[in-house]
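Letter by letter, the chains look like this.
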Amino acid sequence: MSLAAQNLAHTIRGLRRDVLVLQDQNPSNVLPWQQLCATRGGQLRVIARPDDGDWAVPVLAALRGGRVAVAALPHCHWCDGSLVDLAAIAAACRACGTALVVDATQSLGGAELIDYAELGVTFVAASVHKWLLGPYGCCLCYSPRRFWEGAVPLDFHDRNRHGAEAVECLPMDPERGYEMRFRPGARRLDTAGRPSFILMPMVLASLRLLTGELAPARTIPLLAQLSSAVAAEARALGFGVPARHSPNIVGLRPAVGMPDADYFVRSLARRSPPVLVSARLGVIRLSPHVWNTEAHVAELVQGLREALGRPGHPGTPIQARL
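All values reported here derive from a predicted model rather than from experimental measurement.

Draft legend 1. Examining the sheet that holds strand S8 (residues 278-280) more closely. Strand order in the open sheet formed by three strands is S7-S9-S8, and the pairing between neighbours is antiparallel. Taken across any chain shown, the strands that pair with only one partner, and hence form the sheet edges, are strand S7 (250-252) and S8. Across the sheet, the mean angle from the axis of one strand to that of its neighbour is 40°, orientation sign disregarded. Judged from the three bridges that link them, S7 and strand S9 (residues 283-286) form a sheet pairing that is antiparallel. If you follow Gly251 over to S9, its bridge partner there is Arg285. Of the strands in this sheet, S7 and S9 are in contact with helix H8 (residues 216-237), which crosses S7 at around 15°.

Next up, the structure:
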């Protein structure tokens with residue numbers, strides 16, 4: 001996102017000075033834009049969480065004002081998994097000339113696949129350590145030609161320069177220094193760590209897994225079944241749950257009068273065996289994956305009941321299988 005912000009600074013000009021983000025959006029897709037606004041005289045415009053969970057409605061309303069330079073959004077919210085209608089927003093961004101930057105870290109590999117090229121987005125980034133099952137320290141990016149052909153990389157090194165693929169070390173000309181021409185395509189934006197013999201084989205193995213045994217066509221229906229079962233049980237207990245959430249993330253918002261999210265997380269962790277979930281800004285976040293089963297869902301629901309002081313038997317377990 002820092003790479004996108006650096007190369008979209010020119011979009012903040014004239015009346016277009018706003019950068020759109022969502023309330024409680026992940027910091028990685030907010031802080032670079034805060035910095036850009038501070039240095040370019042822009043305005044960070046935070047879209048408040050809608051009561052009905054439909055982020056697209058207020059985002060589209062903001063875009064109609066003609067003041068938005070960049071819409072920096074996720075595919076789903078990292079706290080509760082609520083989906084963002086990127087197709088509708090992308091169409092509006094194209095119509096009004098707004099750059100659309102997407103952080104796909106929370107969804108890529110665990111949610112429906114999106115053809116970002118077809119949507120016409122300006123830039124997409126996804127850290128591989130989440131649903132792409134890769135290591136920390138690597139991020140995959142996509143950008144169309146209109147972005148990368150004039151973009152400047154975050155760091156300056158020789159590995160993305162013309163001729164670097166053919167030699168171990170680029171020669172230095174005594175008068176002109178090193179080669180300044182970039183390698184063709186988006187390779188110009190590669191970081192110096194691209195040839196890492198530790199990270200890249202791990203990323204490659206993860207991507208092969210995700211295009212083979214754990215292909216989205218096999219895993220996403222399972223994740224949707226698990227998270228939908230949790231959502232239905234949680235609603236029945238009185239928790240707030242997004243009407244439309246990503247298959248891989250569903251957030252439970254404690255209702256008025258309930259203990260806070262941290263209480264439920266601690267209570268579930270004390271069970272034997274422990275039920276491990278997380279609290280994110282007032283929401284209990286659950287992220288099922290292929291190793292989870294219907295028994296885990298039943299144990300979670302029972303734990304929520306007991307934490308609420310409502311002991312009882314969980315509903316009929318679902319039959320989720322990969």
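Draft legend 2. A look at the layout of surface pockets. Approximately 840 Å³ is the volume attributed to the largest pocket. What lines the largest pocket is a set of 33 residues, and nearest its centre among them are Cys138, Cys139, Leu140, Cys141 and Thr191. Of all the secondary structure elements, the ones that give two or more residues to the lining of the largest pocket are helix H1 (2-7), strand S5 (123-127), strand S6 (139-142) and helix H7 (199-210). Across the lining of the largest pocket, the residue classes tally to 15 nonpolar, twelve polar and six charged. Considered as a void within the structure, the second largest pocket measures approximately 620 Å³ in volume. Forming the walls of the second largest pocket are 26 residues, and the residues nearest its centre are Leu276, Leu286, Ser287, Pro288 and Asn292. With four residues, helix H10 (residues 294-307) is the largest single contributor of residues to the lining of the second largest pocket. Class assignment for the residues of the lining of the second largest pocket results in 15 nonpolar, eight polar and three charged.

Here is what the cut-offs are and how they apply
- Residues numbered from 1 in each chain as written.
- Predicted model: local features only at pLDDT ≥ 70, side-chain atom pairs only at ≥ 80, totals over all residues.
- Heavy atoms only, no water.
- Pairing = 2+ DSSP bridges.
- Helix = DSSP H or I, 4+ residues; strand = E, 2+ residues; numbered from the N terminus.
- Axes fitted to C-alpha atoms, helices over the stretch in contact; angles between N-to-C directions.
- Contact = heavy atoms within 4.5 Å.
- 1 Å grid on protein atoms, 1.4 Å probe; cavity = no way out; pocket = protein on both sides within 12 Å on 5 of 7 lines; lining within 4 Å.
- Points joined across faces, edges and corners; volume = space filled by probe spheres on them.
- Nonpolar A, V, L, I, M, F, W, Y, C, P; charged D, E, K, R; others polar.

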